[in-house]
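# What the coordinates show
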Amino acid sequence: MGSQNGKQMLTDEDLATLSQSSGLEENRIIEIFNGFMLDNPTGKMGPQKFRELISHALPKKDVYKMEKHVFRIYDSNKDGFIEFKEFMLVFHIMSEGSNEEVLRRIFRMFDVNGDGTISKREMTKLIEDMCDVLKKGDPNNDVTEMIAQSAFTEMDKDNNGKITETEFVQSCMEQKDFSKMLSLKIINILVEEEQ
């Protein structure tokens, strides 16, 4: 991304790269960029703007508890903001990426503290928040704990108490019962948000 007079702008190189990676025509990328910049004059979308975007995308759902998890998918450089390139990268991966690329992004939702692994506590928290978003009422703690424990056991292949990105992706790709269920539920939430 370039800048001119302190204002973010797309360079020809950015435009060509984004067009190639997203499969969108350059004119469409310019339209999306202009809309992004209109809503985010600094060139960065903060958590509040992201919350508004999610609320408009899913007006009938209470996504407050999931928004921070979804935000992590977009904020790839972990600076607390979503830049246009990050926004377009996730758009491309979620719509055109390979299963492995999508699962690697989803892994970031589970990795709450960003240490590159998922703890049982992180797994349980995300499952609780997913239950709230999917309007399954007040999740039964015993059921939530059972799902979290089963998924965690399935994914923690080396039994070290942490799930790495590789273990997560491998378990989901092998379509193990709980791993598959969790990844499909998250994809359903994300796909609905994209529409």
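Before reading on, note that the structure itself is shown above.
Residues numbered from 1 in each chain as written. Predicted model: local features only at pLDDT ≥ 70, side-chain atom pairs only at ≥ 80, totals over all residues. Heavy atoms only, no water.

### Structural notes on unusual backbone geometry
In this model, K78 sits at a positive phi of 55°, which is unusual for a non-glycine residue. Position of K78 among the secondary structure elements: in the loop between α4 (64-74) and β4 (82-83). A relative accessible area of 57% means that K78 is categorised as exposed. For N159, which is not glycine, the phi dihedral falls at a positive 55°. In this fold, N159 is placed in the loop between α8 (141-155) and β6 (163-164). (Helix = DSSP H or I, 4+ residues; strand = E, 2+ residues; numbered from the N terminus. Buried < 20%, exposed > 50% of the residue type's maximum accessible area, 1.4 Å probe, protein only.)

### A look at helix α2 (residues 26-39)
For α2, spanning 14 residues, the distance from its first C-alpha to its last is 20 Å, which sits close to the expected 20 Å at 1.5 Å a residue. I29, I32, F33, F36 and M37 are the residues of α2 that are buried. Looking straight down α2, one finds its buried side chains confined to an arc of 135°; they lie on one side. Along α2, exposed side chains directed more than 90 degrees from the buried face belong to N27 and L38. (Expected span 1.5 Å × (residues − 1). Arc of directions from axis to C-beta.)

### Concerning the side chain of E86
As for its placement among the helices and strands, E86 is situated in helix α5 (residues 84-96). One buried charged residue, E86, forms no salt bridge at all, with the nearest opposite charge on R108 at 6.5 Å. There is a polar contact of 2.8 Å between the side chain of E86 and the backbone nitrogen of E83. Apart from the residues lying within four places of it in its own chain, the contact partners of E86 are Y74, D75, S76, N77 and F81. (Lys, Arg positive; Asp, Glu negative; His and termini not counted. Salt bridge = Lys/Arg side-chain N within 4 Å of Asp/Glu carboxyl O. Polar contact = N/O pair within 3.5 Å; in protein donor to acceptor, adjacent residues only side chain to side chain. Contact = heavy atoms within 4.5 Å.)

### A word on the pattern of salt bridges
Pairing between side chains of opposite charge can happen when the charged atoms of each approach one another. Applying the stated rule across the entire model yields 9 salt bridges. A salt bridge links E83 to K44, with the nearest nitrogen and oxygen atoms 3.8 Å apart. Of the two residues, E83 is situated in strand β4 and K44 in strand β3 (residues 44-45); the sequence distance between them amounts to 39 residues. Of the charged contacts, one joins E100 and R104 as a salt bridge, the two residues approaching to 2.7 Å between their closest N and O atoms. Residue E100 and its partner R104 are located together in helix α6 (residues 99-110), separated by 4 residues, close to a single helical turn.

### A short note on the packing of α6 against helix α9 (residues 165-173)
In the contact formed by α6 and α9, the axes pass within 9 Å of each other and the chain directions differ by 125°. The angle between α6 and α9 places the two elements in the oblique class. The chirality of how α6 crosses α9 is right-handed. Contact residues: N99, E100, L103, R104, I106, F107 and F110 in α6; E165, F168, V169, C172 and M173 in α9. Of the residues belonging to the contact of α6 with α9, the class tally is 8 nonpolar, 1 polar and 3 charged. (Axes fitted to C-alpha atoms, helices over the stretch in contact; angles between N-to-C directions. Parallel < 35°, antiparallel > 145°, perpendicular 65-115°, else oblique. Left-handed = near helix turned anticlockwise from the far one by under 90°. Nonpolar A, V, L, I, M, F, W, Y, C, P; charged D, E, K, R; others polar.)

### With respect to the nonpolar core
Ranked by size, the top nonpolar core spans 42 residues in total, and within it I29, F50, F84, F110, M123, F168 and L182 carry the most contacts. Tallying contributions element by element places α6 first for this core, with 6 residues. (Core = buried A, V, L, I, M, F, W, Y, C linked by side-chain atoms within 4.5 Å.)

### Here we look at the packing of aromatic side chains
Note on aromatic pairs: each is described by the distance of the centres and the angle between the planes. If you walk through the whole model with that rule in mind, you get 6 aromatic pairs. Where F36 meets F87, the ring centres are 5.6 Å apart and the plane angle is 40°; that geometry is what we call tilted. Taken as a pair, F36 in helix α2 and F87 in helix α5 lie far apart in primary sequence, 51 residues in all. Of the residues examined, F36 reaches a relative accessible area of 5% and is grouped as buried. A centroid spacing of 5.3 Å and a plane angle of 50° characterise the contact between F110 and F168, whose relative ring orientation is tilted. (Phe/Tyr/Trp six-rings, centres within 6.5 Å; stacked < 30°, edge-to-face > 60°.)

### Thoughts on the environment of E167
Mapped onto the fold, E167 is located in helix α9. For E167 and K157, which are 10 residues apart along the polypeptide, the C-alpha to C-alpha distance reads 6.6 Å. Excluding residues that lie within four positions of it along the chain, E167 makes contacts with M155, D156, K157, D158 and K162. Side-chain polar atoms of E167 contact the backbone nitrogen of T164, separated by 2.8 Å.

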